[in-house]
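Single-letter residue listing:
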Amino acid sequence: RDAGGKVTGTATASGNYVTYRDAGGKVTGTTSAGGNNTTYRDAGGKVTGTTSACGNNTTYRDAGGKVTGTATVSGNNTTYRDAGGKVTGTASVNGNYITYRDAGGKIVKTAHTP
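A quick note: this is a predicted structure, and the numbers were derived from the prediction, not measured.

## What about the overall build of the protein chain?
- A count of helical and extended segments in the protein chain gives zero helices and 11 strands.
- For the C-alpha atoms alone, the extent of the protein chain along its principal axes is close to 35 × 35 × 20 Å.
- In the protein chain, which comprises 114 residues, the proportion classed as buried is 14%.
- By sequence separation, contacts in the protein chain at least 24 residues apart represent 4% of the contacts at least 6 residues apart.
- A total accessible area of about 7,500 Å² is found for the protein chain, and carbon and sulfur atoms account for 50% of it.

What follows is the structure, given as structure tokens:
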């Protein structure tokens, strides 16, 4: 949901695969996980990026392998940084809800897991 509470899309998991759809139900992309690595693809199946996890740290790379950002988990909170180390946002988990905030602390979206 966006900051106003409007549903902007859904994610459906099946095994190691997740399919993302917009609010109208159109597929916008997929992810596939293997070990500590995840591959992101657009609706046409083209790889758009990858992530690799090590402990509480995740590194994001573009399709060419260049680092674009990182995420660090501490308890129920995740801090996102760009490739230069500047904080770009946070996520906090409270029960089945995730709240995403920008670098200034403003809520930008929320998510609910069943």
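Having seen the model, we can carry on.
## Describing the pairing of strand β11 (residues 107-112)
- For strand β10 (residues 97-102) and β11, the ladder comprises five bridges, and the chain directions are antiparallel. Considered in β11, the bridge of arginine 101 is made with isoleucine 107.
- Between β10 and β11, which pair antiparallel one after the other, the connecting turn spans four residues, and glycine 105 there sits at a positive phi close to 95°.

## Quick look at the environment of arginine 41
- Locating arginine 41 in the fold gives a position in strand β4 (residues 37-42).
- Along the primary structure arginine 41 and asparagine 16 are separated by 25 residues, whereas in three dimensions their C-alpha atoms are 14 Å apart.
- Each residue touching arginine 41, except ones within four places of it in the same chain, is listed here: Gly29, Thr30, Ser32, Lys46, Val47 and Thr48.
- Within the structure, arginine 41 has its side chain in polar contact with the side chain of serine 32 (distance 3.1 Å).

## A word on the sheet that holds strand β5 (residues 47-54)
- Reading across from one edge, β1-β2-β3-β4-β5-β6-β7-β8-β9-β10-β11 is the order of the 11 strands in this open sheet, with antiparallel pairing throughout. The open sheet is flanked by β1 (9-14) and β11, the only strands paired with a single partner. Along the sheet, successive strands turn relative to each other by an average axial angle of 20°, direction set aside.
- Taken together, the six bridges between strand β3 (residues 27-34) and β4 define a ladder with antiparallel strand orientation. Across the sheet, alanine 33 pairs through a bridge with threonine 38, a residue of β4.

## A few points about the packing of aromatic side chains
- Across all of its chains, the model carries zero aromatic pairs by this definition.
- Directly above the ring of tyrosine 100 sits lysine 109, whose terminal nitrogen or CZ lies 5.0 Å from the centroid.

## Some thoughts on the pairing of strand β7 (residues 67-74)
- Across five bridges, the pairing between strand β6 (residues 57-62) and β7 is antiparallel. Within the sheet, the bridge partner assigned to tyrosine 60 lies in β7 and is glycine 69.
- Here β6 folds back onto β7, and the loop between the two strands holds four residues, one of which, glycine 65, carries a positive phi near 95°.
- Relative to strand β8 (residues 77-82), β7 runs antiparallel, the two being bridged by six bridges. From the neighbouring strand, valine 73 faces β8, where its bridge partner is threonine 78.
- Here β7 folds back onto β8 in antiparallel fashion, the turn holding two residues, of which glycine 75 has a positive phi close to 65°.

Reading the values: rules and limits
- Residues numbered from 1 in each chain as written.
- Predicted model: local features only at pLDDT ≥ 70, side-chain atom pairs only at ≥ 80, totals over all residues.
- Heavy atoms only, no water.
- Helix = DSSP H or I, 4+ residues; strand = E, 2+ residues; numbered from the N terminus.
- Buried < 20%, exposed > 50% of the residue type's maximum accessible area, 1.4 Å probe, protein only.
- Contact = heavy atoms within 4.5 Å.
- Areas by Shrake-Rupley, 256 points an atom, 1.4 Å probe, with all protein chains shown as cover.
- Pairing = 2+ DSSP bridges.
- Polar contact = N/O pair within 3.5 Å; in protein donor to acceptor, adjacent residues only side chain to side chain.
- Axes fitted to C-alpha atoms, helices over the stretch in contact; angles between N-to-C directions.
- Phe/Tyr/Trp six-rings, centres within 6.5 Å; stacked < 30°, edge-to-face > 60°.
- Lys NZ or Arg CZ within 6 Å of the ring centre and 35° of its normal.

Scope: geometric values only; no functional claims are made or implied.
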